[in-house]
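Working through the structure, step by step
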Amino acid sequence: MFGYSDLYGGYNGGQAQYVRVPYANFGPRKIADSLTDDQALFLTDIFPTGYTGVMWADLKGGETVAIFGAGPVGSMAAKSAVLHNAKKVIVIDTLQYRLDQIKKLTGCETILWKDAEQTVEQIRDMTDGRGADVCIEAVGFEPERNLLDKAKAVVNFEKGSIKVLDACMSGVKRGGFVSILGVYPMNYDNFRVGQMFDKGITLKAGQSPVHAIIDKLIKYVETGQVKLDDIITHRLSLDDVSKGYEIFDKKEDGCVKVVLDPWK
Ligand SMILES: NC(=O)c1ccc[n+]([C@@H]2O[C@H](COP(=O)([O-])OP(=O)(O)OC[C@H]3O[C@@H](n4cnc5c(N)ncnc54)[C@H](O)[C@@H]3O)[C@@H](O)[C@H]2O)c1
């Protein structure tokens, strides 16, 4: 996996003018001349990831999908839920500007996260009390955290928090499906195995199997069934890479997705 530490092969990432491509007879795909680089760019990671969360849940059409996180991955999950004919897509985030963007792009409904209980209540209110058919976790182990969350992590010797995952388990209906796209790098105490058993929840997590789905996803973009580059909020040169990471990390300046242009 490129740019993902020694744990995944120690390959450098692609934020450079040129890259050496290992296994070049296997990985790359040819993109139609009709597509711009921007249109194809998100086929490499965030679109396959968002798509995977929906694909795992095997939607038949008509479902309610609640997506936690309106970052690049959550946004792509929302677009993928629309592609799969979900009846209702609800996106949840702590940042209003991100919710506004994804609502404008997909017509989804939104919930501004104040706390887990209120969010779960709102999901139930929006689903006749049943909960969502599918919850997609696109936040990861580092959600916004208050002092109590931080103290709990210290007591449990944990990094970050699983509170968004907890909300997914509570917000999904009985017999529902939870996809975990956000990264959780370690074990956590108090994982809700009792709730999972009681409600009969199916849970799936992991990296997106990009190679298994990429050719299908390229077609979606080529035929215009989905548009990906409309989430770009910033375009910077490689010299400004630190600034790009900073505004993305601190969620400043309305940042959702930064594109680094090596030729700028
Ligand atoms: N599984 C995979 O293959 C794969 C691939 C790429 C990225 N990821 C992971 O997906 C996750 C999301 O990535 P991203 O690029 O969209 O990151 P991001 O940080 O931009 O998005 C996370 C969003 O969650 C929001 N958030 C924080 N606390 C929240 C809460 N309590 N409730 C609801 N929303 C909350 C943030 O405001 C932010 O908008 C990360 O953990 C990333 O590492 C997984």
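This text goes with the structure placed above it.
First, a word on scope: everything that follows refers to the structure included in this document. In this text the structure is predicted, and so the values were computed from the model without any measurement.

**Here's the deal with the site of the ligand**
In the region of the ligand, 26 residues are neighbours, and Asp93, Arg98, Leu181, Gly206 and Ser208 sit closest. One of the side-chain nitrogen or oxygen atoms of Asp93 is found 2.6 Å away from an oxygen atom of the ligand. Here a nitrogen atom of the ligand and a backbone polar atom of Glu144 are 3.1 Å apart. When the ligand is considered free in solution it has 870 Å² of accessible area, and contact with the protein chains removes 85% of it. Elements with a contribution of two residues or more to the shell around the ligand: α3 (72–83) and β2 (88–93). Grouping the amino acids of the shell around the ligand by side-chain chemistry returns 12 nonpolar, 9 polar and 5 charged.

**Quick notes on the layout of surface pockets**
Space inside the second largest pocket adds up to approximately 530 Å³. Surrounding the second largest pocket, 24 residues form its lining, Ala116, Asp149, Lys152, Lys163 and Asp166 being those nearest its centre. Where the lining of the second largest pocket is concerned, the elements lending two or more residues are α5 (116–125), α6 (147–155) and α7 (163–171). In terms of residue class, the lining of the second largest pocket is made up of 7 nonpolar, 6 polar and 11 charged.

**Let's talk about a nonpolar patch on the surface**
Taken together, the side chains of Met1, Tyr4, Leu7, Tyr8 and Val183 present a nonpolar region at the surface, about 470 Å² in accessible area. Considering the arrangement of structural elements, one finds Tyr4 in the segment before α1 (37–41).

**Quick notes on the side chain of Glu158**
For Glu158, the location among the structural elements is in the loop between α6 and α7. Salt bridges are absent for the buried Glu158, whose nearest opposite-charge side chain, Lys152, sits at 8.0 Å. Engagement of the side chain of Glu158 in a polar contact is seen with the backbone nitrogen of Asp189, the distance being 2.6 Å. In contact with Glu158, not counting residues within four places along its chain, are Ala153, Met186, Asn187, Tyr188 and Asp189.

**A closer look at the pairing of strand β7 (residues 234–237)**
Across 4 bridges, β7 lies against strand β8 (residues 258–261) in parallel orientation. When the bridges of β8 are listed, Ser237 appears paired with Asp261. Chirality of the crossover, the property in question, places the unit of β7, helix α10 (residues 241–249) and β8 among those that are right-handed.

**Here we look at the sheet that holds strand β6 (residues 202–205)**
Read from one edge of the open sheet, 6 strands run β3-β2-β1-β4-β5-β6, paired in parallel fashion. Each edge of the sheet is formed by a strand with only one pairing partner; in this case those strands are β3 (109–112) and β6. Across the sheet, the mean angle separating the axes of adjacent strands is 20° when strand polarity is ignored. Pairing of strand β4 (residues 132–137) with strand β5 (residues 172–180), which is carried by 5 bridges, proceeds in the parallel orientation.

**Section: helix α9 (residues 210–222)**
The first and last C-alpha atoms of α9 sit 17 Å apart over 13 residues, in line with the 18 Å expected at 1.5 Å per residue. The set of residues buried in α9 consists of Ile213, Ile214, Leu217, Ile218, Tyr220 and Val221. Those residues of α9 that are buried are in contact with α1, α2 (46–56) and α3. Of the residues one or two after α9, Gly224 is the one with positive phi, at around 75°.

**A closer look at the nonpolar core**
Judged by nonpolar contacts, the single largest core of 23 residues is most densely connected at Ala66, Phe68, Ile92, Trp113, Ile123, Cys135 and Val178. Top element by residues in this core is α7. It accounts for 5 residues. In this structure Cys135 touches Ala66, Phe68, Cys168, Gly171, Val172, Phe177, Val178 and Ser179, once residues within four positions along its chain are discounted.

**Observations regarding a negative patch on the surface**
A cluster of like negative charges, contributed by Glu142, Asp249, Glu252 and Asp253, occupies part of the molecular surface. Along the polypeptide, Glu252 turns up in the loop between α10 and β8. A relative accessible area of 34% means that Glu252 is categorised as partly exposed.

Calculation notes
Residues numbered from 1 in each chain as written. Predicted model: local features only at pLDDT ≥ 70, side-chain atom pairs only at ≥ 80, totals over all residues. Heavy atoms only, no water. Near = heavy atom within 4 Å. Polar contact = N/O pair within 3.5 Å; in protein donor to acceptor, adjacent residues only side chain to side chain. Areas by Shrake-Rupley, 256 points an atom, 1.4 Å probe, with all protein chains shown as cover. Helix = DSSP H or I, 4+ residues; strand = E, 2+ residues; numbered from the N terminus. Nonpolar A, V, L, I, M, F, W, Y, C, P; charged D, E, K, R; others polar. 1 Å grid on protein atoms, 1.4 Å probe; cavity = no way out; pocket = protein on both sides within 12 Å on 5 of 7 lines; lining within 4 Å. Points joined across faces, edges and corners; volume = space filled by probe spheres on them. Patch = residues over 30% accessible without salt bridge, like charges linked within 9 Å, V, L, I, M, F, W, Y side chains within 5 Å. Salt bridge = Lys/Arg side-chain N within 4 Å of Asp/Glu carboxyl O. Buried < 20%, exposed > 50% of the residue type's maximum accessible area, 1.4 Å probe, protein only. Lys, Arg positive; Asp, Glu negative; His and termini not counted. Contact = heavy atoms within 4.5 Å. Pairing = 2+ DSSP bridges. Right-handed = clockwise from strand over helix to strand, strands pointing away. Axes fitted to C-alpha atoms, helices over the stretch in contact; angles between N-to-C directions. Expected span 1.5 Å × (residues − 1). Core = buried A, V, L, I, M, F, W, Y, C linked by side-chain atoms within 4.5 Å. Charge placed at Lys NZ, Arg CZ, Asp CG, Glu CD.

Nothing here speaks to function; it is all geometry.
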